[in-house]
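Spelled out, the chains give:
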Amino acid sequence: MQFQPLLEEIVATLRAELGREGQVASYIPALAQVPAAQIGIALRTCDGEEAHAGDSTTLFSIQSISKLFTLALGMRELGETLWDRLGREPSGNAFNSLVQLESEQGLPRNPFINAGAIAVTDRLVSRFDARNELLALLSSLCDEPVHFDQEVAASEAATGFRNVALANFMKSFGRIDNDVGAVLDVYFHACAIRMSCLQLARAAGFLCRDGAHPFTNQQILTEKQARRINALMLTCGTYDAAGEFAFRIGLPCKSGVGGGIVAVVPDRLTLCVWSPALAPSGNSLLGMKALELFTAKTGLSIFLLAKVRIPASAARRVQSFHADASNLTPSATITQPAARSSPVFARR
Ligand code: GLN
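Residues numbered from 1 in each chain as written. Predicted model: local features only at pLDDT ≥ 70, side-chain atom pairs only at ≥ 80, totals over all residues.

1. A few points about the overall build of the chain
Looking only at helices and strands, the chain features 14 helices and ten strands. When burial is assessed residue by residue, the chain has 49% of its 348 residues classed as buried. Of the contacts made within the chain by residues no fewer than 6 positions apart, 67% connect residues no fewer than 24 positions apart. (Helix = DSSP H or I, 4+ residues; strand = E, 2+ residues; numbered from the N terminus. Buried ≥ 20, exposed ≤ 12 C-beta atoms within 10 Å, placed from the backbone. Contact = placed C-beta atoms within 7 Å.)

Next up, the structure:
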């Protein structure tokens, strides 16, 4: 599959719509000043093939996309015990809502709403210098140094009254161990990380590679953990619009109010789109359209992948997984493999 011309075509198609609709996040000056008329898109396949177009190397504030990597660190460090203080259900509420937290005794619905990410951050703060660990992980995953935007971090802290409320609320239920200020310092810095589409497409690569590092091949997470992050992205990764994303795009995605969206095509590729103007849901308006065009033109949606025949090696892996699980039987559809012609579909 020729990804480079496809990404260029998507950017060219959407350029005509730049600046027409949507609003750039305005809750802090550093985000309000970002020019709306920008769009970038980048992807990296499991084999390391890359393509990118438009403003794909411009650094932007990754905001809630950081919750993906906070969660990955939490899973790596805490394993199953991470879920003692965290749910796995879509919230159906705004990402910074307090309402549900009260009725559910301070237990956040999932790791991708603010309360959930703050709860994971608290567990990380108990273990190490979480700010540095997060930057080190991201820098390693995209093979380039990654930095905080200190101006954004300071603004997040100066205006993050709801996040302070969420953290204190959880603390009142005994669900935050550390000093609230110390936990939020890490959370606000995580929101203030600056990366480009290309860097994020690389950094998320472990999610399409069964948990393996995109450059070194080392296991960052187990295959099962990576699959579970994808499941959470699909159900909870795009605020209160996860249903709409599944309906229109059909890929696990994680968005941020900086206008970025990371998407995963399991076992194939990761991609990142960025355009700062947001829909009312808080997701990038043209980012959603770009992903919709991408899945429509490639057929790479998780609801279509079942129709794509898989190579023998992958079929054997899935078969052995099913054989391992006592409650599952091998599926007829995956025991009829046929090699794919495109190298894009050959894994690693
Ligand atoms: N910094 C924002 C917050 O904590 C992040 C929001 C987002 O991207 N959803 O509310």
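Structure shown, so let's carry the discussion forward.
2. Some words on the environment of Ile-41
Structurally, Ile-41 is set in strand 2 (residues 40–45). Judged by C-beta crowding, with 32 C-beta atoms within 10 Å, Ile-41 ranks as buried. Spatially, the C-alpha atom of Ile-41 lies 5.5 Å from that of Ala-53, the residues being twelve residues apart in sequence. Among all residues touching Ile-41, those that are not within four sequence positions of it are Leu-7, Ile-10, Val-11, His-52, Ala-53, Gly-54, Ser-56, Cys-197, Leu-271, Val-273 and Ala-290.

3. Quick word on the nonpolar core
By size, the foremost hydrophobic cluster in this structure holds 103 residues, and its most contacted members are Ile-41, Leu-200, Leu-271 and Cys-272. Each of domain 1 (3–60 + 194–305) and domain 2 (64–193) contributes no fewer than three residues to this core. In this structure, Leu-200 is in contact with Ile-62, Ile-65, Met-195, Gly-260, Val-262 and Cys-272, ignoring residues within four places of it in sequence. (Core = buried A, V, L, I, M, F, W, Y, C linked by C-beta atoms within 7 Å. Domains from an automatic or database assignment.)

4. Side note on the confidence of the model for the chain
Summarising the model, the chain shows a mean pLDDT of 89, and 88% of its residues fall at 70 or more. Per-residue pLDDT stays below 50 along residues 320–348; that stretch engages in 40 contacts with residues further than four places along the chain or on separate chains. (pLDDT = per-residue confidence, 0-100.)

5. A few points about the site of the ligand
The environment of the ligand is formed by Gln-63, Ser-64, Phe-95, Asn-96, Asn-114, Glu-156, Asn-163, Cys-191, Gly-256, Val-257 and Gly-282. Considering only residue class, the shell around the ligand consists of three nonpolar, seven polar and one charged. Here the shell around the ligand spans two domains, and each of domain 1 (3–60 + 194–305) and domain 2 (64–193) adds at least three residues to it. (Near = placed C-beta within 6 Å. Nonpolar A, V, L, I, M, F, W, Y, C, P; charged D, E, K, R; others polar.)

6. Notes on unusual backbone geometry
Positioned with a positive phi, Asp-143 is a non-glycine residue whose angle comes to about 65 degrees. The class for Asp-143 is partly exposed, based on 13 C-beta atoms found within 10 Å. A positive phi angle, near 70 degrees, is found at Asp-267, a position not held by glycine. Residue classification places Asp-267 among the partly exposed positions, given that 18 C-beta atoms sit within 10 Å.

7. Describing the packing of helix 1 (residues 3–15) against helix 13 (residues 285–298)
Put simply, helix 1 and helix 13 touch, their axes get as near as 10 Å, and they point 135 degrees apart. Between helix 1 and helix 13, the angle is such that the two are oblique. The handedness of the crossing between helix 1 and helix 13 is right-handed. For the pair helix 1 and helix 13, the contacting residues are Leu-6, Ile-10, Thr-13 and Leu-14 in the first and Leu-286, Lys-289, Ala-290, Leu-293, Phe-294 and Lys-297 in the second. Within the contact of helix 1 with helix 13, the residues separate by chemical class into seven nonpolar, one polar and two charged. (Axes fitted to C-alpha atoms, helices over the stretch in contact; angles between N-to-C directions. Parallel < 35°, antiparallel > 145°, perpendicular 65-115°, else oblique. Left-handed = near helix turned anticlockwise from the far one by under 90°.)

8. Section: helix 1
Taking 1.5 Å as the rise per residue, helix 1 with 13 residues should run 18 Å; its terminal C-alpha atoms sit 18 Å apart, in good agreement. Of all the residues in helix 1, the buried ones are Phe-3, Leu-7, Ile-10, Val-11 and Leu-14. Down the axis of helix 1, the buried side of the element spans an arc of 95 degrees, and every buried residue falls inside it. Residues of helix 1 that are exposed and point over 90 degrees away from its buried face: Pro-5 and Ala-12. Buried residues along helix 1 sit in contact with strand 2, strand 3 (50–54) and helix 13. (Expected span 1.5 Å × (residues − 1). Arc of directions from axis to C-beta.)

9. Some remarks on the sheet that holds strand 7 (residues 253–255)
Pairing is antiparallel across the open sheet formed by five strands, whose spatial order is 3-2-9-8-7. At either end of the open sheet lies a strand with only one pairing partner, and these are strand 3 and strand 7. Each strand axis lies, on average, 10 degrees off the axis of its neighbour in the sheet, ignoring direction. Sheet analysis places strand 8 (residues 260–265) next to strand 9 (residues 269–274), joined by six bridges and oriented antiparallel. The residue of strand 9 that forms the bridge with Val-264 is Thr-270. Set on the sheet, helix 1 makes contact with strand 2 and strand 3; between it and strand 3 the angle comes to about 20 degrees. (Pairing = 2+ DSSP bridges.)

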